[in-house]
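Coordinate analysis (summary)
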Amino acid sequence: MSIFERNPALRWAVPAVTAVALVGGGSAIRGVQAIADAGLPARTAAQLLVDVQQANLDGLSGTVVQRSDLGLPDLPIAGAAGGTGSSDLTSLVSGSHTMRIWFAGPDKARMALLGTLGESDVIRNGQDVWVWASKGKTATHYVLPAHDAEDKSATGKSGTSPDQSAVPTPTDLPTSPQDAAEKALAAITPSTEVTTSGTATVAGRSAYELVLKPKEATSLVAQVRVAIDGTEHVPLRVQVFAKSVADPVFEVAFSAVDFSRPDAAQFAFNPPPGTTVVEGKAMAGPGATDPTVNAPQPGSAGMPTVIGKGWGSVLVAKLPVPDASAATSGSTSATNDKTIAQLMKFATLLPKVSGSWGSGHLMAGTAFSALLTDDGRIVVGAVTPEGLYAALAAS
Amino acid sequence: MSAAELATSPAARPLRHRPLRHRPLRHRPLRHVSTRFLRSELRLIFGRRRNQAGLGVLAVVPLILAITVTVSTPRPGHGPDFLASITSNGLFVALSSLSIELTLFLPLAVGTIAGDSIAGEANIGTLRYLLAVPVHRTRLLAVKFAAITIFSLVATLWVSLVGVAAGLALFGGGEMTMLSGGQIGMGPAVLRVVMATVYLGLCFASLGAIGLFISTLTEQPIGATIAVVILNVMSFILDSIPQLSWLHEWLPTHWWMAFGDFFRDPVAWDGLIRGLLTAAGYALVFWLAAWARFSDKDVTG
């Protein structure tokens, strides 16, 4: 203490150094993970795809953090009001979200979206699928048809490995995993440059990285990186990078993962007393779940069409032009009309653009562009606005 | 009776520690003496009318919640968190009260005690007497912070206790439905409520360390209290700005809401551990800052 008595100002160094050490130490733990040399033997893209396909996953549990910053303004419509910390399943379009995942074979899976003092769960146990939302104390029950369960077991892994949706899969039945990998690579090579990059560390595990680079000039996506676990061959992280920003615009990654088989009790769900239980109709799968989503009904709007191929493809849909009274009328179909009316109103705040294809309002994000034309068409794609105009002119 | 009076009383004389080795063996061990100082501090805190009144105000929220819910049943998805679950299990009165009070009431209560800890004594002139007896300033700060931590835990447990008592009396207990939709028995449920309460109490104590530091900067206890409340509210505001998401995990209040993670199946420990580490970090840094400030402070008041 004598140093402090001679030079009292030196005392302030103690809390200052402690604060720096704590902040630095906390940040460094993540930094060290990022630069750690994983020391895995080199593998080609085809070998990695074979690994993924042959992965024999007994079970896993873990925490997944999903972040998206698509550069889109918050939409003032129902369903997009979630944001960070919400346990509402429709809130996933923006902000940062934490999910817990349990997987024990294709017919036993559970995903819990953690919100502040709330939670939404999607639980698959055999033929039963439950969707639980703690905020409204509602549970929706779906029963998968027996033949559908067969299909599910083939794709069941994508229910728990949130990343496989980004990996292009072959449509025809391959004869071997190697064949499948070759076919998949051949299918995407004309539009995509596929490489493997050094090894990454995700959730404390060494992983390979598969890098997909779109060749399409109008694509807003710079690259998609898929990190694949070095020993279990399960995708651990998917990052989508846009050309305009350095940080990933979309990321879903395990922050913790454990490859032991979770307890069967984890997948049992009995609606607690006081719960509103809804028996759902036949459903597509655990992914397309939330009954509150205002999905456009096929009858009310023209079926969306896809123009272009690969990374440059653009979705064009025709919105029914609602008359002003639709937004306020109390009819049963008013919810959709109201949403569309709100969207239209919101669109008028966006910059106006016009060209040979007509005129409309443009929403330009970092990874997506969306165009609402004055004649009621909505055009969305992961391309530059020029790409949207070209697609419209071609249609 | 102030801590200074107590410290100057003959019984407290062994507080002086420098001549320790010259002291005959019949003297009490040092540990015993330091609890005496802490106990006198706690007697001061809990004996003050204004603090008792403050604890009374904290108890009003669970009572209001419990009574209003008996009058009209809330609909799920509306009102404060956990409110709609109260009718199914009285324990939720405590949780709902905590989620309401953690934004302002409980931080204010802890901030009042922390702001008063040094500045209050300086303001009424007892700090000088307290320091006139050879109590080491470092130990004085340690005892002050221990007292703040105990008050923080007691105040939070008090809210829970009133909530549980009112809830069980009006709605009964039984199986508790967790956020994940599963159910646990009454015993484990009570244990989880206690753990969540202690977790929040420790979180508030870290805010108390900030208050202790501010209290060494001023002789106006009310100023220190207001500063603590402003910092608390500021932290909540910053936490709600998405553009500052890189900052959020470092904010003192960011992990408080994680107390709900005790009611998942299984318990989601990640956020809770991060919360405790953050609280410990803030407590350590600001206690050291208080020490740096207080050790060479000229006490004139």
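Residues numbered from 1 in each chain as written. Chains lettered and ligands numbered in written order. Predicted model: local features only at pLDDT ≥ 70, side-chain atom pairs only at ≥ 80, totals over all residues. Heavy atoms only, no water.

**Points about the overall build of chain B**
Broken down by element type, chain B carries eleven helices and two strands. Listed N to C, the secondary structure of chain B is α-α-α-α-α-α-α-β-β-α-α-α-α in terms of helices and strands. Each of the 301 residues in chain B was classed as buried or not, and the buried ones make up 52%. As displayed, chain B offers around 13,100 Å² of accessible surface, 67% of which is attributable to carbon and sulfur atoms. (Helix = DSSP H or I, 4+ residues; strand = E, 2+ residues; numbered from the N terminus. Buried < 20%, exposed > 50% of the residue type's maximum accessible area, 1.4 Å probe, protein only. Areas by Shrake-Rupley, 256 points an atom, 1.4 Å probe, with all protein chains shown as cover.)

**Some words on the packing of aromatic side chains**
Residues and elements named next belong to chain B. Inspection of every chain in the model, using the stated rule, returns 14 aromatic pairs over all chains. Seen in terms of ring centroids, tyrosine 199 and phenylalanine 262 are 6.2 Å apart; in terms of plane orientation they differ by 75 degrees. Their pairing is edge-to-face. Here the residue tyrosine 199 occupies a position in helix H8 (residues 186-217), and phenylalanine 262 occupies one in the loop between helix H10 (245-248) and helix H11 (269-295), the gap between them amounting to 63 residues. Pair check on accessibility: tyrosine 199 and phenylalanine 262 agree, each one buried. Judged by centre distance (5.9 Å) and plane angle (55 degrees), the ring pair of phenylalanine 213 and phenylalanine 286 falls under tilted. Taken together, the residues phenylalanine 213 in helix H8 and phenylalanine 286 in helix H11 connect sequence positions 73 residues apart. Owing to a relative accessible area of 14%, phenylalanine 213 belongs among the buried residues under this scheme. (Phe/Tyr/Trp six-rings, centres within 6.5 Å; stacked < 30°, edge-to-face > 60°.)

**Some points on the confidence of the model for chain A**
Averaged over all residues, the pLDDT of chain A is 75; the fraction at 70 or higher stands at 73%. For the stretch residues 324-332 of chain A, pLDDT sits under 50, and the model shows five contacts to residues farther than four places along the chain or on other chains. (pLDDT = per-residue confidence, 0-100. Contact = heavy atoms within 4.5 Å.)

**Digging into the interface of chain B and chain A**
At the junction of the two partners, chain B supplies 35 residues and chain A supplies 35 residues. Between chain B and chain A, the buried area comes to about 2,700 Å², and carbon and sulfur atoms account for 63% of it. The largest contributions to the chain B side of the interface with chain A come from Trp250(B), Arg264(B) and Trp291(B), which together make up 20% of the buried area. For Arg264(B), the salt bridge goes to Glu119(A), with nearest N and O atoms at 2.9 Å. There are eight residue pairs in polar contact (both at pLDDT 80 or more) connecting chain B and chain A. In terms of residue class, the side of chain B that touches chain A is made up of 17 nonpolar, eleven polar and seven charged. (Buried area = accessible area lost by both parts, 1.4 Å probe. Salt bridge = Lys/Arg side-chain N within 4 Å of Asp/Glu carboxyl O. Polar contact = N/O pair within 3.5 Å; in protein donor to acceptor, adjacent residues only side chain to side chain. Nonpolar A, V, L, I, M, F, W, Y, C, P; charged D, E, K, R; others polar.)

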